[in-house]
Amino acid sequence: MISLTISKLKGTVLFRGGIAALDQAMLSLINLGVQILLIKTVTKSAFGYYSLALSVIMYLMSFQNSVVNTPITVSLAGKTKEEQNSYVSSIFSGQLLALGFVSVLGLLIAFSFFSFGLSLEETLIIASLSAASFGILNREFLRSYFFAEEEAFKVLKLDFYYALLYALLISISYVFFRINVPLIILFMGIASAFDSLILNKRFRFNFSLKSIKSAFTENWFISKWSLIGISVTHLQNYAYLYVISTFLGSNATAEVSASRLLLMPLGLITIGWGNVIRPYGAKLRERNQLHKFFKNLAISSLLFPVIVTILTGVFLIFSDWLLKNIFTSDYESVFKYLILWSILTSVGFLRANASYGLQVIKKFKSLALLNVVTMAITVTLAVLLVNGYKIEGALIASIIGEAIFAVVLWYNLYNAIYKLNN
């Protein structure tokens with residue numbers, strides 16, 4: 001009886017969501033530790049470069065999600081086991097070839113720029129990004145596939161090995177050498193590559209160009225709109241960072257990134273939740289139970305802002321201790337942005353949840369077209385407000401853009417699910 005109850009519990013979206021939250025908490029802890037280490041060991045300007053490098057990594061992951069991961073997530077539920085194996089192995093093999101080419105090309109470009117006067121620090125950051133992207137994106141593919149198969153424990157295991165090796169490499173470097181931004185990025189890529197390629201025994205390689213072309217052609221029917229949507233979503237999400245970097249410089253970039261640090265794990269949980277709710281929603285779509293899916297989205301959207309508010313209150317209460325033990329004297333102003341980050345994190349989750357819903361019902365064209373408009377509003381407001389209100393202005397622009405997008409997406413999601421089920 002007990003084993004039957006446990007088995008039923010493991011099949012619920014709540015349980016898988018809990019495992020995803022645990023997984024993201026582990027990743028958040030390692031990322032938080034890395035950023036605190038950088039704050040205490042590198043210059044404010046170097047930390048600003050690291051923040052920009054992270055945004056590039058996030059864009060590469062978004063690009064991959066649109067072309068590879070999202071089509072797999074929403075399509076696997078409608079395929080037989082044999083079709084799934086052939087399709088996924090072709091995608092995985094094609095991705096290996098593409099990433100190998102892009103990584104080598106990035107290294108060549110980085111050192112070409114160096115010969116034309118790019119600084120050594122900037123050259124090494126670009127080179128480390130190019131090399132690390134191969135491992136980072138392969139690991140992200142594997143995570144998305146396991147989530148699509150609703151095998152959350154395998155994702156947890158995969159990320160545990162990654163976190164362990166990543167922490168070990170950083171610890172060795174810190175003790176025997178030194179820490180810098182290019183090394184941190186390179187270690188991220190090495191740990192990801194070991195995790196996804198050496199430990200992974202799930203896929204058989206299929207380098208048949210015909211099979212790869214067929215699989216990616218199938219993906220393109222979804223990804224052609226998803227690619228536009230995710231690209232403009234990324235630009236909207238990071239508009240504050242790019243505008244601040246352009247108009248206020250790398251020190252201001254470091255300051256706003258440090259102010260986000262305490263609530264950043266919640267952003268990672270949002271991504272983890274998406275990896276769980278989308279394959280779950282795809283299965284409910286195949287069973288004509290989208291109203292149940294909508295209910296799960298609505299409940300989580302009500303609970304998440306409560307968690308954000310509680311955590312923000314705790315951080316404000318202990319702000320003096322955190323400033324003394326986590327940050328340095330260069331980052332004394334970070335807490336004045338915390339309320340804005342709290343609002344932006346909550347609204348961002350509401351927007352993301354509606355976006356996950358529209359992805360499940362394959363409304364990628366609507367997502368892309370709507371996002372182009374809200375992205376333009378966000379970027380325009382950020383440019384206008386940053387001149388008068390500095391960092392606060394850029395964050396307020398992001399809040400306004402996310403709020404408009406969230407309202408429009410929820411309205412479209414409700415109408416789409418209602419029409420599909422009636």
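Up top you'll find the structure we're talking about.
Conventions we followed
Residues numbered from 1 in each chain as written. Predicted model: local features only at pLDDT ≥ 70, side-chain atom pairs only at ≥ 80, totals over all residues. Heavy atoms only, no water. Helix = DSSP H or I, 4+ residues; strand = E, 2+ residues; numbered from the N terminus. Rg over C-alpha atoms; globule rule 2.2 N^0.38 Å. Buried < 20%, exposed > 50% of the residue type's maximum accessible area, 1.4 Å probe, protein only. Contact = heavy atoms within 4.5 Å. Areas by Shrake-Rupley, 256 points an atom, 1.4 Å probe, with all protein chains shown as cover. Phe/Tyr/Trp six-rings, centres within 6.5 Å; stacked < 30°, edge-to-face > 60°. Lys NZ or Arg CZ within 6 Å of the ring centre and 35° of its normal. Axes fitted to C-alpha atoms, helices over the stretch in contact; angles between N-to-C directions. Parallel < 35°, antiparallel > 145°, perpendicular 65-115°, else oblique. Left-handed = near helix turned anticlockwise from the far one by under 90°. Nonpolar A, V, L, I, M, F, W, Y, C, P; charged D, E, K, R; others polar. Expected span 1.5 Å × (residues − 1).

(A) Structural view of the overall build of the protein chain. Per the secondary structure count, the protein chain includes 15 helices and zero strands. In terms of C-alpha radius of gyration, the protein chain reaches 21 Å, essentially the compact-globule figure of 22 Å for 422 residues. Across the 422 residues of the protein chain, 52% fall into the buried class. Contacts in the protein chain between residues far apart in sequence, at least 24 positions, make up 82% of those at least 6 positions apart. Roughly 19500 Å² of accessible area belongs to the protein chain as shown, and the carbon and sulfur atoms make up 69% of that amount.

(B) Expanded view of the environment of I109. Note that I109 resides in helix α4 (residues 81–115). Its relative accessible area of 38% is what places I109 among the partly exposed residues.

(C) Focus on the packing of aromatic side chains. Tallied over the full model, the rule gives 15 aromatic pairs. Here a set of aromatic residues connected by ring pairs shows up, and it is made of Y238, Y240, Y242 and W341. Positioned over the ring face of Y331 is K44, at 5.3 Å from the centre of the ring. The cationic tip of R139 hangs over the ring face of Y162; the distance from NZ or CZ to the ring centre is 3.7 Å.

(D) Expanded view of the packing of helix α3 (residues 44–75) against α4. Running from N to C, α3 and α4 cross one another at 165°; their axes reach a closest spacing of 11 Å. Taken together, α3 and α4 sit at an angle that is classed as roughly antiparallel. You can see that α3 and α4 cross each other, and the crossing is left-handed. On α4, the residues touching Q64, V68, P71 and I72 of α3 are Y87, I91 and Q95. Residues of the contact of α3 with α4, tallied by class, amount to five nonpolar, two polar and no charged.

(E) The arrangement of the environment of I377 in detail. Positionally, I377 belongs in helix α15 (residues 364–420). We classify I377 as partly exposed; its relative accessible area is 31%. Separated by 214 residues in sequence, I377 and A163 have C-alpha atoms that sit 38 Å apart.

(F) Helix α6 (residues 152–176), seen in detail. The first and last C-alpha atoms of α6 sit 36 Å apart over 25 residues, in line with the 36 Å expected at 1.5 Å per residue. Burial in α6 covers these residues: A152, V155, L156, L158, D159, Y162, A163, Y166, I170 and S173.

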